[in-house]
Amino acid sequence: MDRNYVEDSFPQINKIMNKDLREGVVKTWQLAVAKGGWDKIDDVPFTLLTDVKTSLIEHTRRVTDMAMAIGQTRQDLNMDVLITGALVHDVGKLIEYTRKGKTIVKSEFGKMVRHPVSGYGLVLEAGLPVEIAHIVAAHSKEGESVTRSPEAIVIHHCDFIDFDIARTD
Ligand SMILES: [Fe+2]
């Protein structure tokens, strides 16, 4: 997948000041697309609950915007870590899900490894630091057994704000 597609999908990449983190976001998505065997990811949903229509790209953008708003309000969070973590928190879903005919279903891999765990691996493989891998691994219920960093706390809550509201549609 070409990098323009990733950058167009996630325009907040340009808000990351650190070049290595920006590069890492692009690389992580490219890696996930390749490993998951996707061509385009526009129609990948953010959850497999049948009644939720939001795409993974829309959800990722929204979680990132919400996290940035919180970061700007508080002024005591690492903005680069916040944006980078938000942009890759669900990247593991490209391996957890797979295309089956016209629908998208849980993959055989996804039945064994959930996206916070596969995403953690992708992020490290792409060369992103452990602060980002921590956010990915801890953003969901998997994170209840570790002490979340302040940035991971924000992503965790923004993620569930979007998820819980989507379920009420
Ligand atoms: Fe999410």
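Source: prediction; values computed, not measured.

> How would you summarise the overall build of the chain if you had to cite specific residues and measurements?
Broken down by element type, the chain carries 9 helices and 2 strands. Listing the helices and strands of the chain from first to last along the sequence gives α-α-α-α-α-β-β-α-α-α-α. Viewed in the frame of its principal axes, the chain has a C-alpha envelope of about 45 × 35 × 30 Å. Counting the 169 residues in the chain, one finds 40% classified as buried. Taking as baseline every contact in the chain between residues at least 6 positions apart, the subset at least 24 positions apart corresponds to 59%.

> A description of the pairing of strand β1 (residues 97-100) should follow, citing residues and the corresponding values.
In the sheet, β1 pairs with strand β2 (residues 103-106) via 4 bridges, with the strands oriented antiparallel. In the sheet register, Y97 faces β2, and the bridge partner there is K106. Hairpin connection between β1 and β2: a loop of 2 residues separates the two successive antiparallel strands, and G101 in this loop has a positive phi of roughly 60°.

> Describe the environment of G37, listing the residues and the values that go with them.
Its location among the elements puts G37 in the loop between α2 (19-36) and α3 (56-74). Sequence separation between G37 and A67 is 30 residues, and the spatial gap between their C-alpha atoms is 29 Å.

> Account for the environment of G143, with residues named and values stated.
With respect to the secondary-structure elements, G143 resides in the loop between α8 (130-138) and α9 (150-166). Separated by 10 residues in sequence, G143 and I153 have C-alpha atoms that sit 9.5 Å apart. If near-sequence neighbours (up to four positions away) are discounted, G143 is found in contact with A137, A138, R148, A152 and H156.

> Would you mind going over the packing of α2 against helix α7 (residues 115-125) in detail, with residue names and values included?
Running from N to C, α2 and α7 cross one another at 125°; their axes reach a closest spacing of 8 Å. As far as their axial angle goes, α7 and α2 are oblique. Where α2 crosses over α7, the two elements pack in a sense that is right-handed. On the side of α2, the interface is formed by T28, L31 and A32, while α7 contributes L122, V123 and E125. Residues that form the contact of α2 with α7 fall into these classes: 4 nonpolar, 1 polar and 1 charged.

> Any details on the nonpolar core? Residues and values, ideally.
Inside soluble globular proteins, nonpolar side chains tend to come together where they are buried. Residues A32, L94, V123, I132, V136 and I155 are the most contacted members of the largest nonpolar core, which totals 41 residues. Within the residue set of this core, elements represented by two or more residues are α2, α3, α4 (79-88), α5 (93-96), α7, α8 and α9. In terms of residues, this core owes the most to one element, α2, which gives 7 residues. Once residues lying within four places of it in the same chain are set aside, the contact partners of A32 are V91, L94, I95 and L122.

> Before we move on, could you go through the environment of W38 and cite the residues and values that matter?
Along the chain, the position of W38 falls in the loop between α2 and α3. Residue class for W38 comes out partly exposed when judged on the 19 C-beta atoms lying within 10 Å of it. Between the C-alpha atoms of W38 and A69, which are 31 residues apart in sequence, the distance is 31 Å. Filtering out sequence-adjacent residues up to four positions away, W38 remains in contact with V33 and L94.

> Before we move on, can you summarise α3 with the specific residues and values?
The first and last C-alpha atoms of α3 sit 27 Å apart over 19 residues, in line with the 27 Å expected at 1.5 Å per residue. Those residues of α3 that fall on the buried side of the exposure criterion are L56, H59, T60, V63, T64, A67 and G71. One side of α3 carries all its buried residues, which in axial view fall inside an arc of 130°. Facing away from the buried side of α3 by more than 90 degrees, the exposed set consists of A69, Q72 and T73. Residues of α3 that are buried make contact with α4, α5 and α9. Phi for Q75, located one or two positions after α3, is positive at around 70°.

> A description of α9 should follow, citing residues and the corresponding values.
Every α-helical turn comprises 3.6 residues, leaving residues that sit three or four positions apart pointing alike. Here α9 spans 25 Å end to end across 17 residues, near enough to the 24 Å set by a 1.5 Å rise per residue. Where α9 is buried, its residues touch α3, α4 and α8.

Calculation notes
Residues numbered from 1 in each chain as written. Predicted model: local features only at pLDDT ≥ 70, side-chain atom pairs only at ≥ 80, totals over all residues. Helix = DSSP H or I, 4+ residues; strand = E, 2+ residues; numbered from the N terminus. Buried ≥ 20, exposed ≤ 12 C-beta atoms within 10 Å, placed from the backbone. Contact = placed C-beta atoms within 7 Å. Pairing = 2+ DSSP bridges. Axes fitted to C-alpha atoms, helices over the stretch in contact; angles between N-to-C directions. Parallel < 35°, antiparallel > 145°, perpendicular 65-115°, else oblique. Left-handed = near helix turned anticlockwise from the far one by under 90°. Nonpolar A, V, L, I, M, F, W, Y, C, P; charged D, E, K, R; others polar. Core = buried A, V, L, I, M, F, W, Y, C linked by C-beta atoms within 7 Å. Expected span 1.5 Å × (residues − 1). Arc of directions from axis to C-beta.

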